[in-house]
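Letter by letter, the chains look like this.
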Amino acid sequence: MADLICVRQNAYYDSVTLMTLSNKLKKMEGVQDAVVSMATEMNKELLAGIDLSNSEVEAAGANDLLIAVRADSEELCRQVSEQVDVLLAANGKGGKKKTEQTFRTIAQAKAAEPELNLAVISVAGKYAAREARQALKNDMHVMLFSDNVTVEQEKELKEMAHEKGLLVMGPDCGTAILNGVGLCFANQVRRGDIGMVGASGTGLQEVTVLVDRLGGGVSQAIGTGGRDLSADIGGRMMLDGIDLLDADEATRVIVLISKPPVKEVAEKVLARVARCKKPVVVCFIGAAGGEDVPGAVFAKSLDDAARKAVALSKGQPLEEEAPFEAPAALLESVKALQPGQKYIRGLYCGGTLASEALYEIAKECSPVYSNVAKKPEQKMKDLAVSEAHTIIDLGDDAFTVGRPHPMIEPELRNDRLLAEALDPETAVVLLDFELGYGSHEDPAGVALEAIRAAREKNRAAGREVLFVGYILGTDSDFQNYAAQRAALEEAGVLVAASNLDAVRMALAAVNGR
């Protein structure tokens, strides 16, 4: 066994690139561990925790690049180090254009390109607020992808933006579509007259995708970050987003998407909705609907929100959702389950989709546990152990320390997928696959080996397990929706039309026998 540790000073790369690169290196035969990261305090602690640190690492600064490898031989360590250069060079070659310019500060960029009006910020949380503040001072809207920004900093930034007539989307904002341009995680959807404000990233993606499938289109989709409707922030950006969409000539219908806000913030948002000149579809996932608010149409689910928004956009009557009918393929597959197989195990890359699954399953099943649960009795006791019905958001901070988000690197889900599928109490493994900008180039493909292995091992043990999947994407997304669906179905996955339908299929499998 041999170790290689080196520090390259002033060699900055974005964290997503480095985490994806680290995962590729770990797959090389004979490599026990490989970490390529910036020398943030957290990353230095991670290296110390796996005994791949030294005095040079401890002295490194946040703009220095760390390369640490543990492999079977010194020669292999050297080869891995050389592969780092090859992969970084390939990434730079593929991602740069001849017209690209590099600036060291936001102020420099603004001085060189005065028309710039938006900054997308993805740096370590301890630096993110400072950079956002600089963007606002330079009269730029901010999309703050970074997390680990304090509530106090978020409030300060959003009040500053409000005073200047600007947006701060975030922190931890993963999705936006502005003037037809998708930012961070977003899908390729048609333009139209439905504007959205969402405090949930995959929730915003889901509604934009379903609107597209229903023949509607999106004017703007503004993300706010998940804490915006908390008591501390008071819905500042959702309120400002409503103002912008209410005044936007290209927007005819407004959709609001969030997990349930605190009562006083919900009242503030609904009071603003009552003054809107346009109809507003309100989807507070898991909250009771039907309140008497002028101009508001309350949706029971993300699907319902999309259907109602498209109906309003087209001037069609609002109709109740048709009852769900389990597909024949599901009903046939259920026959192969044994009496002891009675639980749903959801492994989600999208946090809002996980929350929607938890809410829907809890209506019919008990007990159900999740790491996104708000109710104490539904909280998982141990994130590594599933019991009864369990829904896991693998994009939660507890799973992404030192790792890319599973929407970027869905292979991180495979070990858990195999373990859940082989549990003799599991009836259904529920999965999501996100397409679009920012997501993995082949999310279905990286799961196929684990799915096939699980089915083979289960058959050897004399049982079957059902895989139910949902692909969040459109026919225009670069990953090729049709090919993704075909690959999953060939592997025996039952593919649903929406996340809600996927959950309903899972419920039909465990409750309808």
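Quick note: structure is the one above.
What counts and what doesn't
- Residues numbered from 1 in each chain as written.
- Predicted model: local features only at pLDDT ≥ 70, side-chain atom pairs only at ≥ 80, totals over all residues.
- Heavy atoms only, no water.
- Helix = DSSP H or I, 4+ residues; strand = E, 2+ residues; numbered from the N terminus.
- Rg over C-alpha atoms; globule rule 2.2 N^0.38 Å.
- Buried < 20%, exposed > 50% of the residue type's maximum accessible area, 1.4 Å probe, protein only.
- Contact = heavy atoms within 4.5 Å.
- Areas by Shrake-Rupley, 256 points an atom, 1.4 Å probe, with all protein chains shown as cover.
- Phe/Tyr/Trp six-rings, centres within 6.5 Å; stacked < 30°, edge-to-face > 60°.
- Lys NZ or Arg CZ within 6 Å of the ring centre and 35° of its normal.
- Arc of directions from axis to C-beta.
- Axes fitted to C-alpha atoms, helices over the stretch in contact; angles between N-to-C directions.
- Parallel < 35°, antiparallel > 145°, perpendicular 65-115°, else oblique.
- Nonpolar A, V, L, I, M, F, W, Y, C, P; charged D, E, K, R; others polar.
- Core = buried A, V, L, I, M, F, W, Y, C linked by side-chain atoms within 4.5 Å.
- Pairing = 2+ DSSP bridges.
- Expected span 1.5 Å × (residues − 1).

*Asks:* Would you mind going over the overall build of the protein with me for this structure?
*Replies:* When its secondary structure is counted, the protein shows 18 helices and 19 strands. Relative to the compact-globule value of 24 Å for 513 residues, the protein shows a C-alpha radius of gyration of 23 Å, a close match. For the protein, the spread of C-alpha atoms along the principal axes amounts to about 70 × 65 × 45 Å. Looking at the protein residue by residue over its 513 residues, the buried ones come to 53%. Residue pairs at least 24 apart in sequence account for 72% of intrachain contacts in the protein once pairs closer than 6 positions are excluded. Total accessible area computed for the protein in this model is approximately 22900 Å², and 50% of it derives from carbon and sulfur atoms.

*Asks:* What should I look at first to understand the packing of aromatic side chains in this one?
*Replies:* Inspection of the entire model under this criterion finds 1 aromatic pair. Over the ring of Phe433 we find Arg413; its NZ or CZ atom is 5.0 Å from the centre of that ring.

*Asks:* Teacher, can you tell me more about helix α2 (residues 41-49) here?
*Replies:* For the α-helix, the turn length of 3.6 residues means that residues three or four positions removed from each other point alike. All of the buried residues in α2 are Asn43, Lys44 and Leu47. Down the axis, α2 shows its buried residues gathered within 100° of arc, on one side only. Summarising the geometry of α2, the exposed residues directed more than 90 degrees from the buried face are Glu45 and Gly49. Packed against the buried residues of α2 are β2 (31-38), α3 (55-59) and β3 (65-71).

*Asks:* Help me out: how do you make sense of the packing of helix α8 (residues 201-213) against helix α13 (residues 351-364) in this one?
*Replies:* Two packed helices can be described by the angle between their axes and the distance between those axes. Contact geometry for α8 and α13: axes closest at 5 Å, N-to-C directions at 85°. Between α8 and α13, the crossing angle belongs to the class labelled roughly perpendicular. Here α8 contributes Gly201, Thr202, Gly203 and Glu206 to the contact with α13, which in turn contributes Gly351, Thr352 and Leu353. In the contact of α8 with α13, the residues fall into 1 nonpolar, 5 polar and 1 charged.

*Asks:* What's the story with the environment of Ile106 in this structure? I'm lost.
*Replies:* Topologically, Ile106 is positioned in helix α5 (residues 106-112). Given the relative accessible area of 14%, Ile106 is considered buried. Along the backbone, Ile106 and Ala119 are 13 residues apart, and their C-alpha atoms lie at a distance of 8.0 Å.

*Asks:* I tried to follow the nonpolar core on my own but got confused; where do I start?
*Replies:* Within soluble globular proteins, side chains that are nonpolar generally end up buried alongside one another. Met196, Val255, Val281, Ile344 and Val428 are the most contacted members of the largest nonpolar core, which has 57 residues in total. When residues of this core are assigned to their parent elements, the largest contribution, 7 residues, is made by helix α18 (residues 499-511). Sequence-distant contacts of Val255, that is, excluding residues within four places in its chain, are made with Ile194, Gly195, Met196, Val197, Val207, Val281, Ala305 and Ala309. With 45 residues, the next largest nonpolar core counts Val168, Met237, Ile242 and Val293 among its residues.

*Asks:* Could you clarify how one ought to interpret the environment of Gln188 in this entry?
*Replies:* Here Gln188 is to be found in the loop between β8 (181-184) and β9 (191-198). Taking the C-alpha atoms as reference points, Gln188 and Gly436, 248 residues apart in sequence, are found 6.5 Å from one another. Not counting the four nearest positions on each side in its chain, Gln188 is found in contact with Asp212, Tyr437, Thr474, Ser476 and Asp477.

*Asks:* Just checking my understanding: could you explain the sheet that holds strand β18 (residues 466-472) for this structure?
*Replies:* Sheets are built from strands that pair by backbone hydrogen bonding, the pairs being arranged parallel or antiparallel. Spatially, 6 strands are ordered β15-β16-β14-β17-β18-β19 in an open sheet, and the strand pairing comes out parallel. On the outer flanks of this sheet lie β15 (368-370) and β19 (494-496), each paired with one strand and no other. Within this sheet the neighbouring strands show an average axis-to-axis angle of 20°, counted without direction. Packing against the sheet, helix α17 (residues 481-490) makes contact with β17 (426-434), β18 and β19, and its axis sits at approximately 175° to β18. Packing of α18 onto the sheet brings it into contact with β14 (343-348), β16 (389-393), β17, β18 and β19, and relative to β17 it is tilted by some 170°.

*Asks:* Sorry, what's going on with the side chain of Glu420 here?
*Replies:* You can see Glu420 is positioned in helix α15 (residues 414-422). Beyond its immediate stretch of four places on either side in the chain, Glu420 contacts Arg345, Leu347, Ser386, Ile392, Thr426 and Val429.

*Asks:* Would you explain the pairing of β8 in this entry?
*Replies:* Across 4 bridges, strand β7 (residues 175-178) lies against β8 in antiparallel orientation. Directly across from Leu178, in β8, lies its bridge partner Val181. Hairpin connection, β7 to β8: the antiparallel pair is bridged by 2 residues, and Asn179 has positive phi, about 50°.

*Asks:* How should helix α16 (residues 445-460) be read in this particular structure?
*Replies:* Here α16 is 16 residues long and its end C-alpha atoms lie 24 Å apart, about the 22 Å a rise of 1.5 Å per residue gives. The complete set of buried residues in α16 reads Val446, Ala447, Leu448, Ala450, Ile451, Ala454, Arg455 and Asn458. Considering only its buried residues, α16 is in contact with α15, β17, β18 and α17. Of the residues flanking the end of α16, it is Gly462, one or two places downstream, whose phi is positive at about 85°.

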